[in-house]
Amino acid sequence: MGGKELALPCRRALIFSDTHCKRGRPCSPVLEVLGAAKEENVDCIAILGDLFDDFHVDVDPATLALEMARLGFSTYSPRYVLYTPSLSSHDPILGEAEFNLGGTVIHVARVINIGLGGEEVCLTHGDIVVPNGAIAYFVNRTMAILGKSLFLEEQARKRLCGRSSWLFMGHTHIPGLDHERRLGNPGSWRATWHSRMPYWRRPSNSFVLYDGKRFRLVFS
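From a predicted model like this one, the values you see are computed outputs, not experimental measurements. (Residues numbered from 1 in each chain as written. Predicted model: local features only at pLDDT ≥ 70, side-chain atom pairs only at ≥ 80, totals over all residues. Heavy atoms only, no water.)

## Let's talk about the packing of helix 1 (residues 28-40) against helix 2 (residues 61-73)
At their nearest, the axes of helix 1 and helix 2 sit 8 Å apart, and the two run at 75 degrees to each other. Regarding the angle of helix 1 to helix 2, the classification is roughly perpendicular. Here Val30, Leu31 and Leu34 of helix 1 come into contact with helix 2, specifically with Leu71, Gly72 and Phe73. (Axes fitted to C-alpha atoms, helices over the stretch in contact; angles between N-to-C directions. Helix = DSSP H or I, 4+ residues; strand = E, 2+ residues; numbered from the N terminus. Parallel < 35°, antiparallel > 145°, perpendicular 65-115°, else oblique. Contact = heavy atoms within 4.5 Å.)

Printed below as a string of structure tokens:
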């Protein structure tokens, strides 16, 4: 258990993951999510990893800021953007960092803990539990067939977070929200391979919204 504790004045928040954007150019899923964040007037956006698809290299904060701006974060950014990356692939390699990109971007590898409306919320990508995303997908699909949805999310909370915390992670590309068990996954936006062939997992084009009272899973 553990992670970076952040005391932020977040009243409304949007959580998304797994856009798998190509670096160096605008990313449609990011622009769509930012549009929703602006419309919902959120204070905080949380990115649960795999923001990028082809950027798993060592970077400094200035380089990451530039690449995030190219994706679309230069068009709109709320007060805070929290970014907890994939550790095993896709996302840039960087430890704790903070920089300005319209709002303040806070990058924390592994786990971020914040408070939302009196709720403790634990944020991670999910590859700490099962590094390979395809395996994670099949584990959760199989367990859902057996009647246990959000199985890896539950394992992640046991390993990384407090028992009373909400746990949100990406990685599996399977959206879900369970208020009773306090678990959630915002789903994915990846639609194609590098060759523009359809990706083998269909995108859910979804995110989790905290509207100041409760969490909702929203499909675009």
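## Comments concerning unusual backbone geometry
If you check the backbone angles, Asn41 has positive phi at about 55 degrees while not being a glycine. Of note, Asn41 is situated in the loop between helix 1 and strand 3 (44-47).

## What to know about the state of the cysteines
Put plainly, a disulfide is one covalent bond tying together the sulfur atoms of two cysteines. Considering all chains together, one arrives at 3 disulfides under this definition. Here Cys10 is linked by a disulfide to Cys44, with a sulfur-sulfur distance of 1.8 Å. In this structure, the disulfide formed by Cys10 and Cys44 twists by about -75 degrees around the S-S bond and is classed as left-handed. In this pair, Cys10 is assigned in the loop between strand 1 (4-5) and strand 2 (13-16) and Cys44 in strand 3, connecting sequence segments 34 residues apart. Across this residue pair, the class does not change: Cys10 and Cys44 are buried. (Disulfide = S-S within 2.5 Å. Buried < 20%, exposed > 50% of the residue type's maximum accessible area, 1.4 Å probe, protein only.)

## Some remarks on the sheet that holds strand 5 (residues 97-101)
Pairing is mixed across the open sheet formed by 7 strands, whose spatial order is 5-6-4-3-2-12-13. The sheet is open, and its two edges are formed by strand 5 and strand 13 (215-219), each paired on a single side. Across the sheet, the axes of successive neighbouring strands diverge by a mean angle of 20 degrees, strand direction being ignored. Two strands pair when backbone bridges link them, and strand 3 and strand 4 (residues 80-83) are joined in this way by 4 bridges, in the parallel orientation. When the bridges of strand 4 are listed, Cys44 appears paired with Tyr80. (Pairing = 2+ DSSP bridges.)

## Describing the packing of helix 3 (residues 133-145) against helix 4 (residues 151-160)
It is at 8 Å that the axes of helix 3 and helix 4 come closest, and there the two elements cross at 110 degrees. Judged by the inter-axis angle, helix 3 sits roughly perpendicular to helix 4. Contact residues: helix 3 offers Ala136, Val139, Asn140 and Met143, while helix 4 offers Phe151, Leu152 and Glu153. The class makeup of the residues in the contact of helix 3 with helix 4 is 5 nonpolar, 1 polar and 1 charged. (Nonpolar A, V, L, I, M, F, W, Y, C, P; charged D, E, K, R; others polar.)

## Focus: the nonpolar core
Core analysis: the biggest nonpolar cluster contains 34 residues, and Phe16, Ile47, Leu51, Leu64, Met68 and Phe73 have the highest contact counts within it. Every element with two or more residues in this core is listed here: strand 2, helix 1, strand 3, helix 2, strand 4, strand 5 and strand 12 (206-210). Of all the elements, helix 2 adds the most residues to this core, at 6 residues. Filtering out sequence-adjacent residues up to four positions away, Met68 remains in contact with Ile47, Leu51, Phe52, Phe73, Val81, Tyr83, Phe99, Leu101 and Val105. (Core = buried A, V, L, I, M, F, W, Y, C linked by side-chain atoms within 4.5 Å.)

## A closer look at a nonpolar patch on the surface
Taken together, Phe138, Trp193, Met197 and Trp200 make up a surface patch of nonpolar side chains, about 430 Å² in accessible area. Of note, Phe138 is situated in helix 3. Phe138 gets classed as partly exposed once you look at its relative accessible area, which sits at 47%. (Patch = residues over 30% accessible without salt bridge, like charges linked within 9 Å, V, L, I, M, F, W, Y side chains within 5 Å. Areas by Shrake-Rupley, 256 points an atom, 1.4 Å probe, with all protein chains shown as cover. Salt bridge = Lys/Arg side-chain N within 4 Å of Asp/Glu carboxyl O.)

## Details of the layout of surface pockets
If you add up the space inside the largest pocket, you get close to 350 Å³. What lines the largest pocket is a set of 16 residues, and nearest its centre among them are His20, Cys21, Lys22, Arg25 and Thr192. Here the lining of the largest pocket is built from residues that sort into 7 nonpolar, 5 polar and 4 charged. The calculated volume of the second largest pocket comes to roughly 180 Å³. Forming the walls of the second largest pocket are 16 residues, and the residues nearest its centre are His90, Gly133, Ala134, Tyr199 and Arg201. Its residues assigned to classes, the lining of the second largest pocket shows 4 nonpolar, 8 polar and 4 charged. (1 Å grid on protein atoms, 1.4 Å probe; cavity = no way out; pocket = protein on both sides within 12 Å on 5 of 7 lines; lining within 4 Å. Points joined across faces, edges and corners; volume = space filled by probe spheres on them.)

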